[in-house]
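Structural features, examined
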Amino acid sequence: RSRSAVRHGMAAASAAVADLPNLFATPRQIIEELGFGSAQLRILLVSSCVLFIDGLEMQLSVSTSHAVANHLRLGDYQRSSLIALCAVGSAIGSVGGGYLGDVLGRRPPILLSCAGMTLVTLAISQAGSYGQLVAMRFLLGVLIGMGMPP
């Protein structure tokens, strides 16, 4: 064989190897290669909605806590516990949501969180006792935590 044929064969072999997938790529390299597409944008938008709803819920619960406390004749401890229960539930929900995200993917926990927050918020608006509010506020916190991005 001539030298040019050998060089041409080596160049063809190098090109063929370059076309093979990198079997030893790191997760970071794989993510960089895939890029940011419409699926990632949708997850980002839905996750941002969960964060927005969480902030809105906290602001509304603090601003309406005096009126709710007066209506149900709650003491300061009971009123503040309703706000704190949502934070405790959120911590628990983030652990559960992380596990579900690992097992089922991120979409099901986020969608469950959004749908659940809607229903529980409607249930909170109809609560007639401190016990109902405690249960619903804790459940709302769990659902908020479940929808938080990891």
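Here goes a summary of the coordinates provided.

Here is what the cut-offs are and how they apply
Residues numbered from 1 in each chain as written. Predicted model: local features only at pLDDT ≥ 70, side-chain atom pairs only at ≥ 80, totals over all residues. Heavy atoms only, no water. Helix = DSSP H or I, 4+ residues; strand = E, 2+ residues; numbered from the N terminus. Buried < 20%, exposed > 50% of the residue type's maximum accessible area, 1.4 Å probe, protein only. Contact = heavy atoms within 4.5 Å. Areas by Shrake-Rupley, 256 points an atom, 1.4 Å probe, with all protein chains shown as cover. Axes fitted to C-alpha atoms, helices over the stretch in contact; angles between N-to-C directions. Left-handed = near helix turned anticlockwise from the far one by under 90°. Nonpolar A, V, L, I, M, F, W, Y, C, P; charged D, E, K, R; others polar. Core = buried A, V, L, I, M, F, W, Y, C linked by side-chain atoms within 4.5 Å. Parallel < 35°, antiparallel > 145°, perpendicular 65-115°, else oblique. Salt bridge = Lys/Arg side-chain N within 4 Å of Asp/Glu carboxyl O.

This paragraph deals with the overall build of the chain. What the chain contains, in helices and strands, is 6 helices and 0 strands. Going from N to C terminus, the chain has its helices and strands arranged as α-α-α-α-α-α. Within the chain, the fraction of its 150 residues that count as buried is 23%. Taking as baseline every contact in the chain between residues at least 6 positions apart, the subset at least 24 positions apart corresponds to 74%. Counting every atom, the chain has about 10,300 Å² of accessible surface; 68% of that belongs to carbon and sulfur.

Helix H6 (residues 130-147) packs onto helix H4 (residues 76-104) with a crossing angle of 35° between their chain directions and a minimal axis gap of 5 Å. In this structure, the crossing between H4 and H6 has a hand that is right-handed. Here the residues of the contact of H4 with H6 are counted per class, giving 15 nonpolar, 9 polar and 1 charged.

Membership of the largest hydrophobic core comes to 14 residues, with the highest contact counts inside it found for Met 117, Val 120, Ile 124, Leu 140 and Ile 144. Broken down by secondary-structure element, the contributors of at least two residues to this core are helix H3 (38-72), H4, helix H5 (107-125) and H6. Discounting chain neighbours no more than four positions away, the residues touching Leu 140 are Glu 57, Cys 86, Met 117, Val 120, Thr 121 and Ile 124.

This brings us to the packing of H5 against H6. Viewed as axis vectors pointing N to C, H5 and H6 meet at an angle of 160°, and their least axial separation amounts to 8 Å. Comparing their axes, H6 and H5 come out roughly antiparallel. Relative to H6, H5 is oriented so that their crossing is left-handed. Judged by residue contacts, Pro 109, Ile 110, Leu 112, Ser 113, Gly 116, Met 117, Val 120, Thr 121, Ala 123 and Ile 124 of H5 engage Leu 133, Met 136, Arg 137, Leu 139, Leu 140, Leu 143, Ile 144, Met 146 and Gly 147 from H6. Looking at the contact of H5 with H6 residue by residue, the class counts come to 14 nonpolar, 4 polar and 1 charged.

Across all of its chains, the model carries 1 salt bridge by this definition. Note that Arg 79 is salt-bridged to Asp 76, the shortest N-O span being 3.8 Å. A residue pair is termed a helical-turn pair when its members lie 3 or 4 positions apart in one helix, as Arg 79 and Asp 76 do in helix H4 at 3 residues.

The next subject is unusual backbone geometry. Positive phi, normally seen in glycine, also occurs at Arg 73, with a value near 55°. Position of Arg 73 among the secondary structure elements: in the loop between H3 and H4. Its relative accessible area of 72% is what places Arg 73 among the exposed residues.

By themselves these figures say nothing about function.
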